[in-house]
There are 2 protein chains.
Amino acid sequence: MAQLNHSKNSQKISENSLTQRINNNILSLALPKNDISKAMNYALLNPGKRVRPILLYLVADALNLDLKKIDPIALSVELIHTYSLIHDDLPCMDDDDFRRGQQSLHKKFSESTAILSGDAMQSEAFKIIAENNYLNAVEKVSVISELAEVIGANGMILGQYKDILFENTEPTKNEILEMARLKTSLLIEFCILCPVKTFASLNKAWLNLARSVGEGFQLVDDLLDLSQTSQHIGKTAKKDLMNNKKTFPIYYGKDATEVEIDKRSKISKESLVKLGLHNCLLSEYIEKLFHRTN
Amino acid sequence: MAQLNHSKNSQKISENSLTQRINNNILSLALPKNDISKAMNYALLNPGKRVRPILLYLVADALNLDLKKIDPIALSVELIHTYSLIHDDLPCMDDDDFRRGQQSLHKKFSESTAILSGDAMQSEAFKIIAENNYLNAVEKVSVISELAEVIGANGMILGQYKDILFENTEPTKNEILEMARLKTSLLIEFCILCPVKTFASLNKAWLNLARSVGEGFQLVDDLLDLSQTSQHIGKTAKKDLMNNKKTFPIYYGKDATEVEIDKRSKISKESLVKLGLHNCLLSEYIEKLFHRTN
């Protein structure tokens, strides 16, 4: 990936350097030394793709913001994402034994430890933002308010609820797309929109970019679940099919899904052009997300 | 209970009026109209004692604060407390089928709905504080930061983890007391200390009051579990014994527990005298907590 330098950020950034930055921030979390923190670290340090925090940093970089202001938000979002995976993998939810190429948390530790670790990660996510020294109080409140909305009973949790509900119902195309948006897309949209809303000003192009990337990401994910091996994607493949999940590709097939993905890829490119960001790390990374194979 | 009037609070307050206020605030939660919110409301509107929010209001009243500033904090704490009960009752945790005299959430709905409802309640708790109009940004950040610390991997969750761990180990007296403090006391201490820290100034007497009430509350709770019927306490009685829990009364007996409770009752009274609050609704309510029978 090409490197780009912005005035506010003294070091050249890249996907690798951002991944390193995220991992270092995870390692510097001041967790208590006990089995709960051991479990939290096990889940957090498993080799994830860090898509959400990387998007946050790349948007901030495109806006020429000080990345120090993004550190707490990026760490917080990775905690939220990891907690949601831990709870999703539980036997009473998606019942998955593997995650990021390793045993899922409840298999490695126990169900109760998995539930409690996820719960603690959510608290920690809000604490990190509230206690940070680089954000002022108004910025913190804005970020916390948006994040809590996106992951709560109107957002991510509602999506996960519908995902499980749909195992035993026959949702419409729009209901499937809405479920996927709630479950996955909203948090990705948050990562693109949060730096804009908090430190710059929002417009239609940013909203379109966020939504197309968020929805596109989940469509690609659902397609990979069907078409790749478990080893390649680091979690049980074809699990959606086995669990009677109602994903878009299961219902409408590979070709129709690729049409939907292409639509969103096109909108994201047009939005990036409108924002004058069609030739930077952010646009390269988004292009890569649309064409990823794991 | 006697009624007391303070200048800031136009209406006379009582335990009943505060319970009503809390219930009204729960009812006015802008939850989405779906099964997740149905489950959240089922758990939140079950007839709990509302000890934590009542303590918040009574401390605020003793400090002559505007109770409108307490509304979001009180609602948030009741959400956190309810979420912790829902997750504690799960089969892989304490496996309790009854709560507040009714079926626990996973029995009434499902395990996945119980986990998701608890998760959403935690998000909602932080959102309510972040979005409130009566607190300024600095106050919000202070409350969120303290609350997240108290309920996370250094606090409530660690206590719950130890509580389960101790089912298969032989903890010392201090370890049992520490577990109970983390699991229950810290959130009650938060309710007493939060209005003081956020809107007034903290001193040793407040700290002693908070700790003695918090620890005393859990000791009374553990004693009631052993000595009362299920019908009377609204949850399965003697469950601690059946679950091989290591509570103070199970290990050291009724008499030794009453000695510990009396110690804390005495400290709380002395602290209230030092604070000049030995003859108000707060002191009456605390006295009642030490002598409750359900």
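Structural data are supplied above this passage.
Residues numbered from 1 in each chain as written. Chains lettered and ligands numbered in written order. Predicted model: local features only at pLDDT ≥ 70, side-chain atom pairs only at ≥ 80, totals over all residues. Heavy atoms only, no water.

**Quick look at helix α4 (residues 71–88) of chain A**
- Across its 18 residues, α4 of chain A extends 26 Å between first and last C-alpha, which sits within 8% of the 26 Å expected from 1.5 Å per residue.
- The element α4 of chain A is largely enclosed, with a buried count of 18 among its 18 residues. (Helix = DSSP H or I, 4+ residues; strand = E, 2+ residues; numbered from the N terminus. Expected span 1.5 Å × (residues − 1). Buried < 20%, exposed > 50% of the residue type's maximum accessible area, 1.4 Å probe, protein only.)

**Focus on the nonpolar core**
- Counting 185 residues, the largest nonpolar core has Leu55 and Leu282 of chain A together with Leu55 of chain B as the members making the most contacts within it.
- Ignoring anything within four residues of it in the chain, the contact list for Leu55 of chain A reads Ile188, Cys191, Ile192, Val213, Leu282, Tyr285, Ile286 and Leu289 of chain A. (Core = buried A, V, L, I, M, F, W, Y, C linked by side-chain atoms within 4.5 Å. Contact = heavy atoms within 4.5 Å.)

**A few points about the interface of chain A and chain B**
- Taken residue by residue, the interface counts 40 residues in chain A and 40 residues in chain B.
- Interface area for chain A against chain B, summed over the two sides, is near 3600 Å², with a carbon-plus-sulfur share of 70%.
- Counting the contacts that link chain A with chain B gives two salt bridges.
- Glu149 of chain B serves as the salt-bridge partner of Lys127 of chain A, at 2.8 Å between the closest nitrogen and oxygen.
- Applying the counting criterion to the chain A and chain B interface returns ten residue pairs in polar contact (both at pLDDT 80 or more).
- Its residues assigned to classes, the side of chain A that touches chain B shows 23 nonpolar, ten polar and seven charged. (Buried area = accessible area lost by both parts, 1.4 Å probe. Salt bridge = Lys/Arg side-chain N within 4 Å of Asp/Glu carboxyl O. Polar contact = N/O pair within 3.5 Å; in protein donor to acceptor, adjacent residues only side chain to side chain. Nonpolar A, V, L, I, M, F, W, Y, C, P; charged D, E, K, R; others polar.)

**A look at helix α10 (residues 204–227) of chain B**
All names here are of chain B.
- For α10, built from 24 residues, the straight-helix expectation of 34 Å at 1.5 Å per residue is met to within 8% by its first-to-last C-alpha distance of 34 Å.
- For α10, a buried count of 18 out of 24 residues is recorded, marking the element as mostly surrounded by other parts of the structure.
- Capping the start of α10 is the job of one residue whose side-chain oxygen sits 3.1 Å from the backbone nitrogen of Ala205: Asn203.

**Describing the relation of the copies chain A and chain B**
- Expressed as a screw transformation, the operator carrying chain A onto chain B has a rotation angle of 180° and an axial translation of 0.0 Å, and the superposed copies differ by an RMSD of 0.0 Å. One copy is carried onto the other by what is essentially a two-fold rotation axis. In terms of proximity to the rotation axis, the leading residue of chain A is Ala137 of chain A, whose C-alpha is 2.7 Å off the axis. (Least-squares fit on C-alpha atoms with pLDDT ≥ 70 in both.)

**Focus on the pattern of salt bridges**
All names here are of chain A.
- Taken as a whole and judged by the stated rule, the model has 48 salt bridges over all chains.
- With a shortest N-O distance of 2.8 Å, Lys245 and Asp94 are connected by a salt bridge. Of this pair, Lys245 sits in the loop between α12 (239–242) and α13 (248–274) while Asp94 sits in the loop between α4 and β1 (98–99); the two residues are 151 residues apart in sequence, bridging distant segments of the chain. Residue Lys245 shares its accessibility class with Asp94, and that shared class is buried.

**Examining the packing of aromatic side chains**
- Here the structure, examined in full by the defined rule, presents seven aromatic pairs over all chains.
- Consider the rings of Phe126 of chain A and Phe126 of chain B, whose centres lie 4.6 Å apart with planes at 25°: the pair is stacked. Residue Phe126 of chain A is found in helix α6 (residues 111–131), and its partner Phe126 of chain B is found in helix α6 (residues 111–131); the two belong to separate chains. You'll find Phe126 of chain A and Phe126 of chain B in the same group, each marked buried.
- On the basis of an interplanar angle of 70° and a centroid distance of 5.7 Å, the ring pair of Tyr42 of chain B and Phe109 of chain B is categorised as edge-to-face. A residue pair is termed long-range when its members are at least 10 positions apart, and Tyr42 of chain B in helix α2 (residues 35–45) and Phe109 of chain B in the loop between α5 (105–108) and α6 qualify at 67 residues. (Phe/Tyr/Trp six-rings, centres within 6.5 Å; stacked < 30°, edge-to-face > 60°.)

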